[in-house]
Amino acid sequence: MKLIQARTRGIGEMTESQWFDLSPQLNLFHFPENNGHIYGENFLRILQTINPTYDIQTVKPFADFPKYIEQNGYPRHINPTKRTVALAVFAATPGLVRELASINPLLYETDRIEVGRRLDYSRWINFVELAASTRWSEIAGDLQILLDKVHQLAPNFTSPLTDIIANLKPATRIKNGLQDQLEHWLKNLPSQIQSEFDQLIETTTSAVMRADHFHTARHKVRARLPLFVLLGGSSSGAASLYNLMQIIADKTTPAGQQSNDGAQTFLDELNEQLATLQFQGKTLTIGRSSADVALTFAGEPVPISADGPQTLLNQLQAKACLAVALSRVVYRTEPILLLAGPERALPSAFHDELANFVTHMSSTCQCLYSFSEIDIFPEDIVGRRYSAADLSMS
């Protein structure tokens, strides 16, 4: 899935934005030179919480946010269960739409999917312009047809439904206990009515069960959300080689428990993807020992700690390639790479190589790159450019 729009609603300086559109390739964000790298990193780490590489309840990326804001000269407590901090809108892929439509035909209409992360770390998912539950007014007529027929054939069977619907308003949503009651009534209709009105019963039941179906569909979307991988910067949410390799190790263990060949099959799939993501004409490879997994580059172990600018750049390239391979195999989608001013840690002699690598990666997956002092990309680069003023940061 591609990210087509986003917004941040953090608390504090330079963390709240208006909605902004995104290129499917490269997106550049220029922040003021005075502490701009901090603003850029905060901006990206908030976006990352949509689907981070870490356990959000462990890292707690909003822990440093204020608990109160000033309004009309008075402090006002922020309700973390109601404040959405990061919002993202994705374009649904045809493959995902087919998967969702198998749950409920209404989901064939899925076009955009909105995802939000609240201050209490809970996450919500909406299917834009698709109601997640049915109103009573939408099925009242069909249920009345069935109710009239039941009244003719089995009058005693009408009382449960008549009691249930007696006080329903047109706008009442069919969910929770009401949904269960209506489903039970529809499933237990007399056999003669079931055979005569099978199509009507099927469509009405589907409408009644929409809330449950959308709940299942949200789980499907969660499993298909692209990883938001933060590279560079000093945030605890920034991906390290150790972090990414640990994710792979964690994914390998249960796969290996399912079958003798499961873990190796998983690693083979990752290596197939890594083979398509060469940099410097060489390939990353993941191997497996009896106790762990290891990463090699052109046959040599990749160092976990940086030793000089070339190693630092190679590590960033390795992390980006690992993220792409992992997201393709596990989530069946491209990741979103968030690059928090990595040029700051490199001498200017390496900036062209970094820019070329990021541009190359953006042809495969979306890249969001923040910078402050130095713009390493040419003016005519394909993509979108934003300044802090463009985003109306407050």
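One structure accompanies this document, and this report is about it. (Residues numbered from 1 in each chain as written. Predicted model: local features only at pLDDT ≥ 70, side-chain atom pairs only at ≥ 80, totals over all residues. Heavy atoms only, no water.)

Attention now goes to the overall build of the protein chain. Secondary structure summary: the protein chain contains 13 helices and 17 strands in total. Structurally, the protein chain occupies a C-alpha span of about 85 × 65 × 40 Å along its principal axes. Burial statistics for the protein chain: of 394 residues in total, 49% are counted as buried. Taking the intrachain contacts of the protein chain between residues at least 6 apart in sequence as the baseline, contacts between residues at least 24 apart amount to 70%. When the accessible surface of the protein chain is summed, it comes to about 18,800 Å², and 48% of that surface belongs to carbon and sulfur atoms. (Helix = DSSP H or I, 4+ residues; strand = E, 2+ residues; numbered from the N terminus. Buried < 20%, exposed > 50% of the residue type's maximum accessible area, 1.4 Å probe, protein only. Contact = heavy atoms within 4.5 Å. Areas by Shrake-Rupley, 256 points an atom, 1.4 Å probe, with all protein chains shown as cover.)

The general pattern is negative phi for most residues beyond glycine and trans for most peptide bonds. Although it is not a glycine, asparagine 176 sits at a positive phi angle of roughly 55°. Within the element layout of this structure, asparagine 176 appears in helix 6 (residues 176–187). Classification of asparagine 176 as exposed rests on a relative accessible area of 58%. You will see that arginine 332, though not glycine, has its phi angle at about 55°, which is positive. Relative to the helices and strands, arginine 332 is located in the loop between helix 12 (309–331) and strand 15 (336–340).

Across the sheet, which stays open at both edges, the three strands sit in the order 12-13-14 with antiparallel pairing between neighbours. Single-partner strands in this sheet number two, and they are strand 12 (284–288) and strand 14 (300–301). The sheet strands contacting helix 11 (residues 262–275) are strand 12 and strand 13 (293–297), and the helix crosses strand 12 at an angle near 170°. (Pairing = 2+ DSSP bridges. Axes fitted to C-alpha atoms, helices over the stretch in contact; angles between N-to-C directions.)

Counted under the stated rule, the structure contains zero disulfides. With no disulfide of its own, cysteine 365 lies closest to cysteine 367 among cysteine sulfurs, the gap being 4.7 Å. Look at cysteine 365 and you get buried, because its relative accessible area is 0%. (Disulfide = S-S within 2.5 Å.)

Turning next to helix 12. Compared with an ideal rise of 1.5 Å per residue, which puts 23 residues at 33 Å, helix 12 spans 32 Å between its outermost C-alpha atoms and is within 8% of the ideal. The first or second residue beyond helix 12 is arginine 332, which carries a positive phi of 55°. (Expected span 1.5 Å × (residues − 1).)

Further remarks concern the sheet that holds strand 1 (residues 2–8). Reading across the sheet, the five strands line up as 2-1-6-7-8 and stay open at both edges, with antiparallel pairing between neighbours. Two strands close off the open sheet at either side, each with one partner strand: strand 2 (20–21) and strand 8 (123–127). Pairing of strand 7 (residues 112–118) with strand 8 involves five bridges; the strand directions are antiparallel. From the neighbouring strand, arginine 117 faces strand 8, where its bridge partner is arginine 123.

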